[in-house]
Amino acid sequence: MSGVFTPRNIVTVALLAGLTLLPLYVSLTDDRFLLTLFTRIVILAIAAVSLNLILGYGGMMSFGHAAYLGIGGYTVAILAFEGVQSGFVQWPAALAASAVFALVIGALSLRTRGVYFIMITLAFAQMAYYLASGMARYGSDDGLGLDNRSQFGGLIDLSNKTAFYYVCLFLLFGSIFLVWRLTISRFGMVLRGTRSNETRMLAIGFPVYRYKLAAFVIAGTLCGLSGALIANHTEFVSPAMMFWTRSGDLMVMVVLGGMGSLFGPLFGAVALLFLEQFLPAAIHAVVQPFNPAGAVKAGEYWQIVLGPLLLLVVLFARGGIDGLLRMLSSRERHG
Amino acid sequence: MTLFIEQCLNGLQFGLLLFLLAAGLTLVFGIMDLVNLAHGSFYMLGAYFAATFAAWTGSFVLGAVLALGATLFVGMAVEVIAMRRLYGRDHLDHVLGTFGLILFFDEAVRLIWGPGGLSLPLPAWLNASIEILPGIHYSAYRLALIVVTLAVAAFLYAMVMRTRIGMLIRAGASNREMVAALGINIKLLYTLVFGLGGALAGLAGLMQAPILTVQIGMGENILILAFVITVIGGIGSVRGSFVAALLVGFIDTLGRAFFPQVLREVLGASAASTAAPALSSMLIYIMMAVILVAKPQGLFPANTK
Amino acid sequence: MRKALLAAGAAVLLATGPAMAQNKSVKIGFVSTFSGPVASIGNDMRNAFELALDHMGRKMGGLPVEVVYEDDTLKPEVGKQKAEKLIESDKVDFVSGFIWSNVVYASYKPIIDAKTFLIIANAGETRLAGPNCSPYIFSTSWTNDQNPHAVADYMNKKGIKSVYLIGPNYAAGKENLGGFKAEFKGKVLGEDYTTWPSQLDFSAELAKAKAAKPDAVYMFYPGAAGVQFLNQYAQAGLKGSVPLYTTFSIDSLSLPRQKDAAVGVISALQWSADLPNDANKKFVADFKKKYGNEPSFYAAQSYDAANLIASAVAAVKGNLSDKAAVQKALEKADFKSVRGGFKFGPNHYPTQNYYMQTVVKEGDTYTQKTTATAEENQPNPHASKCSMK
């Protein structure tokens, strides 16, 4: 029973099919919140996919990836605030702004290595965070609301929740496809080669710096797209989108799902946001029989479970969810 | 002029406090090659322990001493239980694993002490202002902080430069395998160093507690500043951290104090009053980026491994 | 294929049961902050809301009440998510709570778009009382500029000539200090806004305030930051030499930690624990008995919010689908408020009295004593900017 029907493939296909058919389920059960929740999951999965390109494939530990969420989001919100409602302007502008930011900070940051790289990307993200907090015209710390989602003429109406969900899902699939094409191309080979041994790639004669920078800019742009979608989804942007713990969340998604695996970030995003929604309820259910009065409050302490869980994943399940599935798949093949 | 002197003292005090945090970070960084985001949790624990023990014993000083011991113990326990397993791993693993620890400690503190936070009242002899120069009054407590942190810095310097442990620390920072090969109990050394780092952070937290009250997540903002300092100073260099901490302390305080006036000339009064606090926070990160671009290893690169 | 799907859909519908039954119960969503350093405020609000339900036998107009509490974690975007969840998933009839202006401003749209009533129990965002007001929005509190207005009024009467202002750099902070400046007749020697909520060391700002030599300092720092501010005010040597005025920075939650640092500080509120009406006496006594601490003003406003909702549910006899009738009933505000009388202005914000309070030490306990009535029947200043659509 080897080949196509491995647990890994089954789970992947089931997840993709589930995501595609979700609006149908929602329309049947009238639980519209599920659609809202999954729209958020899909959007953040795009961000995680983009981070995976540099983190998982390129070995670049960017700790400032949330900055692009903010830049993409703020570009859309600011344009809307200034009266430009057209998505044909807003979205390309969001992508361009993210790309430029990525180009500048990438060019500077990639001169450093290791921990220094982690910290300088963090520093740039904090700068973006404080810049947004300082823009009095655009709400400073309070953030900025959008009156309408981006307008695409008669093409598509984003205020329709189902339509918006499918747009996000389509863009997620597009991003995964893009990353897949990149990784199997010569570009991807060089990138992965750099990750395992940069000196050797340099010796062979590849302009490693330029390859890394290109990947950094692509990832930033893709994440900016995710930011533009978030702004449309929540109809609200604030500096908090860029705080360093948010960059941490994105990293957690990538690692939880499985670094350097194509669908890993998607698994990670689904898993993390699911935990966030349902862990409180789960704790509540466990505590309830012992202490009915304290059960509601116990559910609020869900992070006490999440924290050590993260540590355990890092220590014992390095491949994340995708790694576990892969292990199951190969065990089946051998056994 | 009095205002300027007072702000300089504030900057000095804040910088020295940051140094306590950064010193622990840089030691752990330099010797175990470990990125410890949970360092801010020790800062928080130090404050919580001090508030609790001070309430029990009724003495501020006794409470502080007990809290220092308690954070040292927790630090060593965390090293033995969790950190030890992270050595030699990818930096990414460190970041994520210790990110998990932050969540754990925050929630654990909430479970034990409740969500409301505590306060650590000062004894009357510290809760006053004294005249340091004719016409210049300054908080007695902040003055005491400056003295204590300077003493700790001197102690750290003497320990690293003059004692056997310090020698091992320096040797460990430049060549870990060699120290281990010489038959030194590197495990114990690591546990001690990690505990020491934790205790320094705890000291910073408990000293900051009377100024800032004790609350969950208090370590998260200041942690990033401590990281910035470690990186600017050069990872593993205690001296570098000292210089960078003072730099950051001054820039932050003086920026907040005088930047609005500068900005007012450019932006006009109302925009300046909103933008100034945000932009002066940015100054630190701009400085860091500039320094790293010019010197990718920080101001005082430690001996290369 | 389509047939099969429809059949499957029907099966799911049957399995989940009919969700369309008409108001067998009243469902209320309550959004507040239950985690992080200001969780104590959220808990106090929840406690008061629960106490109100206990007092009414956990029934409104004969219908059982179900409350869903949601934590906004002090983040606007989380508040918005939670509001959406309450509307879309829990399908609540009312949403109440909200401590923070920025959170409620990010969250109110999905609530009123779904024609659900929003009863704000604290957050004083001015736009919701003015240009963005709505038939579906009610408040049992104030707008951010009202209480400082009362303090400034009082300071004018006392003949205070100059003041230094310090506050947090977010919507409520700016509106609060703005409200003060609009009313204060003396000279404003300087104003500082600090990063909210992360900046907790006010040494640079206090040094500037001291150098400016004002007659008084006015500040606004809710929650834990208020504790820090008062401690540092004392340490900077300002306490005792420059009188301190404030709003919303001292309450029964922070006072046990502010202690001596708060003694003598003057503030203004529309309610206080020592107001002598019967509803308030019962509320304060039962709250102390059940939870062990004196209720805060956050609690008082939440208690009023629960009673306001109950009065409307009773008036429409549980028929909550008649939105216009519910709105009319809410506007009447036919309930016993703990602040004495309660009436709404045209923008659904209360018209109310303001009382000056001073912190005093009695034996070992610290309390706020009402010393004067600053203003009577102060209408909400934003009513003129509100046109109900």
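The structure contained in this document is the topic of the report that follows.

1. Some points on the overall build of chain B
Part 1: Along chain B, the regular secondary structure elements total 11 helices and two strands.
Part 2: For chain B, the sequential pattern of α-helices and β-strands runs α-α-α-α-β-β-α-α-α-α-α-α-α.
Part 3: In summary, chain B has a C-alpha radius of gyration of 20 Å against a globular reference of 19 Å for 305 residues, a match within 12%.
Part 4: With the C-alpha coordinates aligned to their principal axes, the bounding extent of chain B is approximately 60 × 50 × 35 Å.
Part 5: Split into buried and exposed, the 305 residues of chain B put 57% on the buried side.
Part 6: Pairs at least 24 residues apart make up 77% of the contacts formed inside chain B by residues separated by at least 6 positions.

2. Digging into the overall build of chain C
Part 1: Along chain C, the regular secondary structure elements total 12 helices and 14 strands.
Part 2: The C-alpha radius of gyration computed for chain C amounts to 22 Å, which stays within 12% of the reference 21 Å derived for 389 residues, consistent with globular compactness.
Part 3: Oriented by its inertia axes, the alpha-carbon framework of chain C measures out at about 80 × 50 × 40 Å.
Part 4: At a minimum sequence separation of 6, the contacts of chain C that also span at least 24 residues come to 71%.

3. Comments concerning the interface of chain C and chain B
Part 1: Contacts between the two partners involve 32 residues from chain C, matched on the other side by 32 residues from chain B.
Part 2: In terms of residues, the side of chain C that touches chain B owes the most to one element, helix H8 (residues 224-235) of chain C, which gives seven residues.
Part 3: For the side of chain C that touches chain B, the class distribution of residues is 12 nonpolar, 15 polar and five charged.

4. Let's talk about the sheet that holds strand S6 (residues 137-139) of chain C
All names here are of chain C.
Part 1: Ordered by their spatial adjacency, six strands build an open sheet running S2-S3-S1-S4-S5-S6, and the pairing between neighbours is mixed. The sheet is open, and its two borders are formed by strand S2 (59-60) and S6, each paired with just one other strand.
Part 2: Of the strand pairs in this sheet, strand S4 (residues 94-97) and strand S5 (residues 117-120) are connected by four bridges, and their pairing is parallel. Within the sheet, the bridge partner assigned to Gly 97 lies in S5 and is Ile 120.
Part 3: Of the strands in this sheet, strand S1 (26-32), strand S3 (63-71) and S4 touch helix H3 (residues 76-90), which is tilted by about 170° from S1.

5. Brief notes about the nonpolar core
Part 1: Residues B:Leu18, B:Ala50, B:Val228 and C:Ile309 are the most contacted members of the largest nonpolar core, which totals 336 residues.
Part 2: With 16 residues, the single largest contributor to this core is helix H2 (residues 32-57) of chain A.
Part 3: When near neighbours in sequence (up to four residues on either side) are disregarded, B:Ala50 contacts B:Gly63, B:Ala64, B:Ala67, B:Leu120, B:Leu206 and B:Ala209.

6. A look at the pairing of strand S8 (residues 187-194) of chain C
Residues and elements named next belong to chain C.
Part 1: Sheet topology places strand S7 (residues 162-168) next to S8; seven bridges connect them, and they run parallel. Bridged to Gly 167 within S8 is Tyr 193.
Part 2: Note on the crossover from S7 through helix H6 (residues 171-183) to S8: the handedness is right-handed.

7. Here we look at H8(C)
Given 3.6 residues per helical turn, the α-helix brings residues three or four places apart onto the same face.
Residues and elements named next belong to chain C.
Part 1: Taking 1.5 Å as the rise per residue, H8 with 12 residues should run 16 Å; its terminal C-alpha atoms sit 17 Å apart, in good agreement.
Part 2: For H8, the tally of buried residues reaches 12 of 12 residues, placing the bulk of the element in the interior.
Part 3: By the burial criterion, the buried members of H8 are Ala 224, Ala 225, Gly 226, Val 227, Gln 228, Phe 229, Leu 230, Asn 231, Gln 232, Tyr 233, Ala 234 and Gln 235.
Part 4: With its phi angle positive at about 80°, Gly 237 sits one or two positions after the end of H8.

Each value, and the rule that gives it
- Residues numbered from 1 in each chain as written.
- Chains lettered and ligands numbered in written order.
- Predicted model: local features only at pLDDT ≥ 70, side-chain atom pairs only at ≥ 80, totals over all residues.
- Helix = DSSP H or I, 4+ residues; strand = E, 2+ residues; numbered from the N terminus.
- Rg over C-alpha atoms; globule rule 2.2 N^0.38 Å.
- Buried ≥ 20, exposed ≤ 12 C-beta atoms within 10 Å, placed from the backbone.
- Contact = placed C-beta atoms within 7 Å.
- Nonpolar A, V, L, I, M, F, W, Y, C, P; charged D, E, K, R; others polar.
- Pairing = 2+ DSSP bridges.
- Axes fitted to C-alpha atoms, helices over the stretch in contact; angles between N-to-C directions.
- Core = buried A, V, L, I, M, F, W, Y, C linked by C-beta atoms within 7 Å.
- Right-handed = clockwise from strand over helix to strand, strands pointing away.
- Expected span 1.5 Å × (residues − 1).

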